[in-house]
Structures are given as C-alpha cells and as structure tokens.
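# Examination of the molecular architecture
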Amino acid sequence: MGLLDILLGRTKPVAPDLDQLFALPSAAVTLEAAAGFTPTGVGAVCFATVEGAAFEQTHREVQALLDADADRTGPPVELTQDGYGYSWLVSRRSPGQLPQLVNDLHAVNSSMEINGFGPQLLCSLAAFGDERGRRLGLVYLYKRGTFYPFAPLPGTAERRDSALELQVKAALASDLRIEQDLSRWFPVWGAPGL
C-alpha cells in the first residue's frame, strides 16, 4: 500500500485464506460446550452463477471429485439454487464427520479458485442445530477471510436471532477469525441446512 492510498483512506482487500475453514472442527467443540449446538452434517458453498462451458465443466469436476469419496455414506453432493438466484454446492455427511465436511468445503472453494472462478465465490456454510430445534450456520465470507454466525428464527418470516448470534460470536472469538463489522453479517435465507 502506498502513501497515496493511506492518505485517501483506501485499504487493501483481505486475501481469502481457505485454511481458516480447518478451524471449524475445534470451534464446534467450543460451540457445543458454550451453546449446545452440534453439527448437522450439512455444509455448502455459495457462489454467483456464471454461464459458460468452462464454469459448467468446473461444476462437474467438483461434483465428481466429492462424489468419488469412498467414505461418503449420505447422498451425493448436489447443486441447488436459492430464491435469490445464487448457486449452492451442498455436501451432506453424518453429523460426526465435520472434518470430512470441512475437507469437502475446502475442495470446492479451491477448485473454483484454481479454475479462475474465485471472484464468483461468496461464502461457505456449516450447519449446526441444538436440542430445542434451533438452527445456526457458521458462515465463512470468502472475500473477507472471516466467519460470522447466522441464526434464522423458525417460521415463514425472514427473522434472525440476533442475541444468539452475538452469544456465538463471543463464544468463538478465540477459535475463529470473526467478522467484526456486523453490517457484513449478511442473512443467507434459504441456505441449505438452515
């Protein structure tokens, strides 16, 4: 960053650090102890859909890579689209296979990035639930290299449990790189697993 950038208040964007995803299994232990949430076995990578043969080929390669996993006991990886037009590549594992789920999320992000589609990556999500039926997603913002909790309230209205999100933020502050700018805690309505 140059002197002119400093004077004009410009900042250098944070480079994505996909290795941050590997902190999720240890954060899950803290999350269970602090708030009673356990992994559901569902994880997904969200990206802006792009038309074209190269992008379609990358989708197929990623799906084939993850579906070839001999340890996978659940359904194969699926591609879905939410009501806002974003695509989600969804991986399902048993709830006790969070490290394998994290490997899936990392592989999807890495493959998209290597094939030149890093700018289309938006976020990755690992879903959690508790005994009261509440859902929680730990969302990794690809372009910021940070996590934030997203806790939708049950029902048809798009409302979130902000108090729970702040409780989770405090509990996981030493486990994950938490996004400090709350305006960047975007709701991911209709995300797989939530």
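Structure: above.
This write-up is about the structure you can find in this document.

What counts, and where the lines are drawn
The residue numbers shown here count from 1 along each chain, following its written sequence. At least 70 in pLDDT is required for a residue's local features to be given in this predicted model, at least 80 for side-chain atom pairs to be given and counted, and no such filter applies to totals for whole chains, interfaces and linings, which use all residues. Neither water nor hydrogens contribute to the side-chain values; these are computed over all heavy atoms in the structure. Only Phe, Tyr and Trp rings are paired, with Trp represented by its six-membered ring, and only when their centres lie within 6.5 Å; those with planes under 30 degrees apart are stacked, over 60 edge-to-face, the remainder tilted. Buried means the residue's accessible area, taken with a 1.4 Å probe over protein chains only, is under 20% of the maximum for its type, while exposed means over 50%, and partly exposed covers the values in between. Interaxial angles span 0 to 180 degrees and are taken between N-to-C directions of axes, which are lines fitted to C-alpha atoms, for helices over the stretch in contact. Put simply, DSSP marks the helices as runs of H or I at least four residues long and the strands as runs of E at least two long, and each gets a number from the N terminus on. By definition in this entry, angles of less than 35 degrees are roughly parallel, angles greater than 145 are roughly antiparallel, angles of 65 to 115 are roughly perpendicular, and the rest are oblique. The hand of a helix crossing depends on one turn: near helix anticlockwise from the far one by less than a right angle means left-handed, and clockwise means right-handed. Throughout, a residue-residue contact means that at least one pair of heavy atoms, one from each residue, lies within 4.5 Å. Residues belong to one nonpolar core when they are buried, are Ala, Val, Leu, Ile, Met, Phe, Trp, Tyr or Cys, and are joined through side-chain atoms within 4.5 Å. Think of the arc as the fan of directions from the helix axis to the C-beta atoms.

### Structural notes on the packing of aromatic side chains
In the structure shown here, the tally under the stated rule is 3 aromatic pairs. A ring pair is formed by Tyr-140 and Phe-147, whose centres lie 5.1 Å apart and whose planes are at 55 degrees; its orientation type is tilted. Both residues of the pair, Tyr-140 and Phe-147, belong to the buried class. Ring centres of Phe-150 and Trp-189 lie 5.1 Å apart, and the angle between their planes is 75 degrees; on these two criteria the pair is classed as edge-to-face.

### Overview of the packing of helix α2 (residues 24–35) against helix α5 (residues 162–171)
Where α2 meets α5, the closest approach of the two axes is 10 Å, and the angle between their N-to-C directions is 125 degrees. Viewed along their axes, α2 and α5 adopt a mutual orientation that is oblique. Of the two elements, α2 crosses α5, and the hand of that crossing is right-handed. Where α2 approaches α5, its residues Thr-30, Leu-31, Ala-34 and Ala-35 are matched on the opposing element by Gln-167, Val-168 and Ala-171.

### A word on the side chain of Gln-20
Take Gln-20: it is sitting in the loop between α1 (3–8) and α2. Taking relative accessible area as the criterion, Gln-20 reaches 16% and is therefore assigned buried. Apart from the residues within four sequence positions on either side, Gln-20 is in contact with Tyr-140, Gly-145, Phe-147 and Arg-177.

### Here's the deal with the nonpolar core
Formed by 54 residues in total, the largest nonpolar core has its most connected members in Leu-31, Trp-88, Phe-128, Leu-176 and Val-188. Look past the residues within four positions of Leu-31 in its chain and what remains in contact with it is Gly-36, Phe-37, Phe-128, Leu-136, Leu-138, Val-168 and Leu-172.

### Section: α5
Those residues of α5 that fall on the buried side of the exposure criterion are Leu-164, Glu-165 and Val-168. Within α5, the buried residues cover an arc of 100 degrees as seen down the axis, which keeps them to one side. Away from the buried face of α5 by more than 90 degrees, exposed residues Ala-163 and Ala-170 are located. Where the residues of α5 are buried, they touch α2, β5 (135–141) and β6 (146–150).

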